[in-house]
Amino acid sequence: MNIYIIYALAFITTLLLTYISYRILMATNVIDIPNDRSLHLLPRPRGGGIAIVITFLLILFISDLEDQFSANFSSALVYGGIGIALIGFADDLYSLHPIVRFSATLCIVIFSVLSIGMPSISFMGFSLQPSPLLFLLEVLAILWVLNLFNFMDGIDAIASLETISVALIAALLLVLLPPVSASAYYHQEALLIIAFSTAGFLIWNWPPAKLFMGDVGSSFLGFTLALFAIQTSIEQISNVWVWLILMGVFFMDATVTIIRRILNREKFYQAHRQHAYQRLVLYIQAHSTLTSEMARAYAHKVVSLIVVAINFLWLAPWAYMAKLHSEHGMLFALISLTPILVLMILVPRLLPIQKSEARPPL
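The model shown is predicted, which means the values in this text are computed figures rather than measured ones. (Residues numbered from 1 in each chain as written. Predicted model: local features only at pLDDT ≥ 70, side-chain atom pairs only at ≥ 80, totals over all residues. Heavy atoms only, no water.)

Peer 1: Mind showing me how you'd approach the overall build of the protein chain here?
Peer 2: Of the regular secondary structure elements, the protein chain holds 13 helices and four strands. Against the 2.2 N^0.38 benchmark of 21 Å for 362 residues, the protein chain shows a C-alpha radius of gyration of 20 Å, consistent with a compact globule. Taking the principal axes of its C-alpha atoms as reference, the protein chain extends roughly 55 × 45 × 35 Å. For the protein chain, the proportion of its 362 residues judged to be buried stands at 52%. The contacts in the protein chain between residues at least 6 apart in sequence include a share of 75% that link residues at least 24 apart. (Helix = DSSP H or I, 4+ residues; strand = E, 2+ residues; numbered from the N terminus. Rg over C-alpha atoms; globule rule 2.2 N^0.38 Å. Buried < 20%, exposed > 50% of the residue type's maximum accessible area, 1.4 Å probe, protein only. Contact = heavy atoms within 4.5 Å.)

Peer 1: I would appreciate a short explanation of the nonpolar core in the present structure.
Peer 2: Across soluble globular proteins, nonpolar side chains show a tendency to be buried alongside one another. Among the nonpolar cores identified, the biggest contains 103 residues, and Phe56, Leu191, Phe228 and Trp243 are the most heavily contacted of them. Apart from the residues lying within four places of it in its own chain, the contact partners of Trp243 are Val166, Ala170, Leu191, Leu225, Phe228, Ala229, Thr232 and Ser238. (Core = buried A, V, L, I, M, F, W, Y, C linked by side-chain atoms within 4.5 Å.)

Peer 1: Explanation requested: the environment of Ala8 in the structure shown.
Peer 2: Mapped onto the elements of the fold, Ala8 is located in helix α1 (residues 3–27). The partly exposed category is assigned to Ala8, whose relative accessible area is 36%. Remark: the alpha-carbon pair of Ala8 and Gly200, spanning 192 residues in sequence, is separated by 9.5 Å.

Peer 1: Would you mind showing me how to read the packing of aromatic side chains here?
Peer 2: The geometry of an aromatic ring pair is captured by the separation of the ring centres together with the interplanar angle, meaning the angle of the planes. Applying the stated criterion across every chain yields a total of twelve aromatic pairs. Ring centres of Tyr7 and Phe196 lie 5.2 Å apart, and the angle between their planes is 5 degrees; this geometry places the pair in the stacked category. Placement of the pair is Tyr7 in helix α1 and Phe196 in helix α7 (residues 182–205), with a sequence separation of 189 residues. Taking relative accessible area as the criterion, Phe196 reaches 32% and is therefore assigned partly exposed. Each ring, one from Tyr22 and one from Trp204, has its centre 6.5 Å from the other, and the planes form 20 degrees; the classification is stacked. Residue Tyr22 is found in helix α1, and its partner Trp204 is found in helix α7; the two are separated by 182 residues along the sequence. Residue class for Tyr22 comes out partly exposed when judged on its relative accessible area of 22%. (Phe/Tyr/Trp six-rings, centres within 6.5 Å; stacked < 30°, edge-to-face > 60°.)

Peer 1: For this particular structure, what's the right way to read the environment of Ala71?
Peer 2: Locating Ala71 in the fold gives a position in helix α3 (residues 71–94). By relative accessible area, Ala71 is classed as exposed at 58%. Separated by 45 residues in the primary sequence, Ala71 and Ile116 place their C-alpha atoms 8.9 Å from one another.

Peer 1: How should I be thinking about the packing of α7 against helix α8 (residues 214–234) in this particular structure?
Peer 2: For any two helices packed against each other, one specifies the inter-axial angle together with the distance between the axes. At a minimum axis distance of 12 Å, the contact between α7 and α8 shows a crossing angle of 165 degrees. On the basis of the axis angle, α7 is roughly antiparallel to α8. Of the two elements, α7 crosses α8, and the hand of that crossing is left-handed. Residues His187, Ala190, Leu191, Ile194 and Thr198 of α7 form the contact with α8, whose participating residues are Leu221, Thr224, Leu225, Phe228, Gln231 and Thr232. (Axes fitted to C-alpha atoms, helices over the stretch in contact; angles between N-to-C directions. Parallel < 35°, antiparallel > 145°, perpendicular 65-115°, else oblique. Left-handed = near helix turned anticlockwise from the far one by under 90°.)

Structure below.
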């Protein structure tokens, strides 16, 4: 099948499945009800990301792309992805206890790491080879990427646009710079399928969103991108520094916020409004002359597009350098992420949450 037809099929299939999901979620009352910590005004169905999961896995099999990867990577990608999606969807439906969810997720992540193995990581003239320490670091890294996508999926379109931009840039870098192999093209095709599948969902998730991705979508996308980051590093067609740079906005915002909440002895896993992107949304809403719902949609658009702009205009060139000069990847990561780190620290201080920002009545 022509690869361009496959991309179009991924987009259209997700577009249609998202509509079907919307109707089913509405009929079964799987609704996200806004609370004091929400950045939404109206109830919306959650769990629409199941359309992305189904489309991506379906297209993998239809295109026979799944057979082009190593058996171990395919197992982790398919079976691990299904497991993560099921846990996320169960959480969307029933609000699982955090311990139950974490335990189940940890088992799947460990299975995935045992399946695909570990890459060597070079930094500052040293090389960290596969070892029990690297195994632990890889498990923690996948868990963190999976959860940070969940944490950052708090406004319309942001997680969808992050996925699309990261997947597009990573796919381009795989075949733009050496080493370029058949495997690099297969990984590129899979990443583009992720991007086009997510784009189909974005049509429904664009502010003001008609439905939300939910844990099923955000967890699956974070997990999947983390697996591609590891596998492309194992095959040495990319490296972990490229991926760290590309996910820099999500990584820095989520990490800084979690550390701040832990230091303040707050329950970091509970919903809140302390992320830098949330503060910026609240600030834009408060200073908008539009009506409340229009101001909310406008703020979500602006902040989500700012993330995309940072990804393409700032992070992509540094990721290019990290791919071109992999031996200096850690240096390029430090250079590119330090300004973002400073920004994530300053934004909450410059834009504190005011009492006047209490939610207006519905």
